Amino acid sequence: DVKVTQSSRYLVKRTGEKVFLECVQDMDHENMFWYRQDPGLGLRLIYFSYDVKMKEKGDIPEGYSVSREKKERFSLILESASTNQTSMYLCASSFPYGYTFGSGTRLTVV
Amino acid sequence: RKEVEQDPGPFNVPEGATVAFNCTYSNSASQSFFWYRQDCRKEPKLLMSVYSSGNEDGRFTAQLNRASQYISLLIRDSKLSDSATYLCVVNAASGTYKYIFGTGTRLKVLA
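Residues numbered from 1 in each chain as written. Chains lettered and ligands numbered in written order. Predicted model: local features only at pLDDT ≥ 70, side-chain atom pairs only at ≥ 80, totals over all residues. Heavy atoms only, no water.

Asks: How should I be thinking about the overall build of chain B in this particular structure?
Replies: A count of helical and extended segments in chain B gives zero helices and 11 strands. Along the chain direction, N to C, the helices and strands of chain B fall in the order β-β-β-β-β-β-β-β-β-β-β. Scaling as 2.2 N^0.38, a compact globule of 111 residues should have a C-alpha radius of gyration of about 13 Å, and chain B matches this with 13 Å. Over its C-alpha atoms, taken along the principal directions, chain B stretches across nearly 45 × 30 × 25 Å. Within chain B, the proportion of its 111 residues that are buried is 47%. Taking the contacts inside chain B whose residues are at least 6 apart along the sequence as the reference set, 57% of them involve residues at least 24 apart. Accessible surface, chain B as shown: approximately 5400 Å² in total, 46% of it carbon and sulfur. The distance from the centre of the 13 positive side-chain charges to the centre of the 10 negative ones in chain B is 4 Å. (Helix = DSSP H or I, 4+ residues; strand = E, 2+ residues; numbered from the N terminus. Rg over C-alpha atoms; globule rule 2.2 N^0.38 Å. Buried < 20%, exposed > 50% of the residue type's maximum accessible area, 1.4 Å probe, protein only. Contact = heavy atoms within 4.5 Å. Areas by Shrake-Rupley, 256 points an atom, 1.4 Å probe, with all protein chains shown as cover. Lys, Arg positive; Asp, Glu negative; His and termini not counted. Charge placed at Lys NZ, Arg CZ, Asp CG, Glu CD.)

Take a look at the structure:
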């Protein structure tokens, strides 16, 4: 089975901090994705990547950036955390159809 | 109109009942369709793909209606363990690996 691992299950950060969320997959998948999930809004795509060093904006990229230096690792960066970025963050990988998700990082910005 | 729409529910059904959910999508060019299941405070997990000819996996049946742009999920003989949120997933356009998620339909199976 594909395993997608997110580095932290829960995080609490202060407003203005730079936050790194790490995601690693172990099945050599080319496609990786970052979503956030909020009640009533469902999953919304932040960024995705089709290959190493390639990235594309999703629907809500503002306030976020990503890095994919190695195929197995896709990092989400909150440049200056704000309270409206408090959310559940889900990483996923796919090849080519259907996602496998990590267990999520619940980020609280105070 | 939202790109993918689902009735949020909750659908409260007794054990053993048959329940069906629909999901409508707006992009006629979409080619890939899935149902995911999400338990409370857990990540979504793939339940089944939806094929043009329809497909069945045990008590679960998924169907696609391209003309009316909706997919459906039928659960027969509901179990308590089926209680979850069911997410409809559609690819954004033909040939893309970018997917759009519905907000989910919540199912509660009651003893």
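Asks: I would appreciate a short explanation of the environment of Gln-6 of chain B in the present structure.
Replies: Residues and elements named next belong to chain B. With respect to the secondary-structure elements, Gln-6 resides in strand β1 (residues 4-6). Judged by its relative accessible area of 10%, Gln-6 falls in the buried class. When the C-alpha positions of Gln-6 and Ser-32 are compared, they lie 17 Å apart, and in sequence the two are 26 residues distant. Once residues lying within four places of it in the same chain are set aside, the contact partners of Gln-6 are Asn-22, Cys-23, Trp-35, Tyr-86, Leu-87, Cys-88, Gly-102, Thr-103, Gly-104 and Thr-105. A distance of 2.9 Å separates a polar side-chain atom of Gln-6 from the backbone oxygen of Tyr-86. Engagement of the side chain of Gln-6 in a polar contact is seen with the side chain of Thr-105, the distance being 3.4 Å. (Polar contact = N/O pair within 3.5 Å; in protein donor to acceptor, adjacent residues only side chain to side chain.)

Asks: Even after reading the chapter, I still don't get the state of the cysteines, so can you show me in this structure?
Replies: Here, the word disulfide means a covalent bond between the sulfur atoms of two cysteines. Residue and element names in this part refer to chain A. Taken as a whole and judged by the stated rule, the model has two disulfides over all chains. For Cys-23, the disulfide goes to Cys-91, at an S-S distance of 1.9 Å. Measuring the twist about the S-S bond at about -75°, one finds the Cys-23-Cys-91 disulfide to be left-handed. With Cys-23 in strand β4 (residues 23-25) and Cys-91 in strand β10 (residues 87-94), the pair connects residues that are 68 residues apart, well separated along the chain. Residue classification places Cys-23 among the buried positions, given a relative accessible area of 0%. (Disulfide = S-S within 2.5 Å.)

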